[in-house]
Amino acid sequence: MTPYLEIHQSRHQEPTAYEFKLAHTLEEIFTQVGHGLADVIEGLNARQVHAPDGEPWTEQSFRDEMHRLGA
């Protein structure tokens, strides 16, 4: 019997070092700071995990990156 859901069914390649770091930092923020978009942006910037262009995160840059990553 084939399982209905494959764990990484939407993944086309292994995550990059940047993607691993972003995911780990987001988990940290969700558990220590909060779940709101403003909390996430503040948490990422406070931890100096910058947007892909090297700039501090904004709500729009975070939305754009999550869309690009398929979240």
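Note that the structure is predicted; figures quoted are calculated from it, not measured. (Residues numbered from 1 in each chain as written. Predicted model: local features only at pLDDT ≥ 70, side-chain atom pairs only at ≥ 80, totals over all residues. Heavy atoms only, no water.)

**Considerations on unusual backbone geometry**
Here comes step 1: Even without a glycine there, the phi angle at Gln48 is positive, about 55°.
Here comes step 2: Mapped onto the elements of the fold, Gln48 is located in the loop between helix 2 (37-46) and helix 3 (59-69). (Helix = DSSP H or I, 4+ residues; strand = E, 2+ residues; numbered from the N terminus.)

**Digging into the nonpolar core**
Here comes step 1: Leu22, Leu26, Ile29, Val40, Ile41, Leu44, Val49, Ala51, Trp57, Phe62 and Met66 form the largest nonpolar core, which has 11 residues in total.
Here comes step 2: Contributing elements (two or more residues each) for this core: helix 1 (17-32), helix 2 and helix 3.
Here comes step 3: Setting aside residues no more than four positions away along its own chain, Val40 makes contact with Leu26, Ile29, Phe30, His35 and Phe62. (Core = buried A, V, L, I, M, F, W, Y, C linked by side-chain atoms within 4.5 Å. Buried < 20%, exposed > 50% of the residue type's maximum accessible area, 1.4 Å probe, protein only. Contact = heavy atoms within 4.5 Å.)

**So, the packing of aromatic side chains**
Here comes step 1: In this structure the tally under the stated criterion is one aromatic pair.
Here comes step 2: For the pair Trp57 and Phe62, a centre-to-centre distance of 5.7 Å together with 75° between the ring planes defines the contact as edge-to-face. You'll find Trp57 and Phe62 in the same group, each marked buried. (Phe/Tyr/Trp six-rings, centres within 6.5 Å; stacked < 30°, edge-to-face > 60°.)

**Notes on the confidence of the model for the protein chain**
Here comes step 1: Of all residues in the protein chain, 83% have pLDDT values of 70 or greater, and the mean over the chain is 88.
Here comes step 2: The lowest-confidence element of the protein chain is helix 3, averaging 94 in pLDDT; the highest-confidence one is helix 2, averaging 97. (pLDDT = per-residue confidence, 0-100.)

**What to know about helix 1**
Here comes step 1: Between its first and last C-alpha atoms helix 1 spans 22 Å; for 16 residues at 1.5 Å apiece the expected length is 22 Å, and the two agree.
Here comes step 2: Of all the residues in helix 1, the buried ones are Leu22, Thr25, Leu26 and Ile29. Relative to the axis of helix 1, the buried residues are bounded by an arc of 105° and lie together on one face. For helix 1, the exposed residues lying more than 90 degrees away from the buried face are Ala17, Phe20, Glu27, Thr31 and Gln32. (Expected span 1.5 Å × (residues − 1). Arc of directions from axis to C-beta.)

**Observations regarding the pattern of salt bridges**
Here comes step 1: Overall, the coordinates contain three salt bridges when judged by the stated rule.
Here comes step 2: We note a salt bridge from Arg68 to Glu65, for which the minimum N-O separation is 2.8 Å. Pair noted here: Arg68 and Glu65 are both in helix 3, with a separation of three residues, about one helical turn.
Here comes step 3: Using a relative accessible area of 52% as the deciding quantity, one classes Arg68 as exposed. (Salt bridge = Lys/Arg side-chain N within 4 Å of Asp/Glu carboxyl O.)

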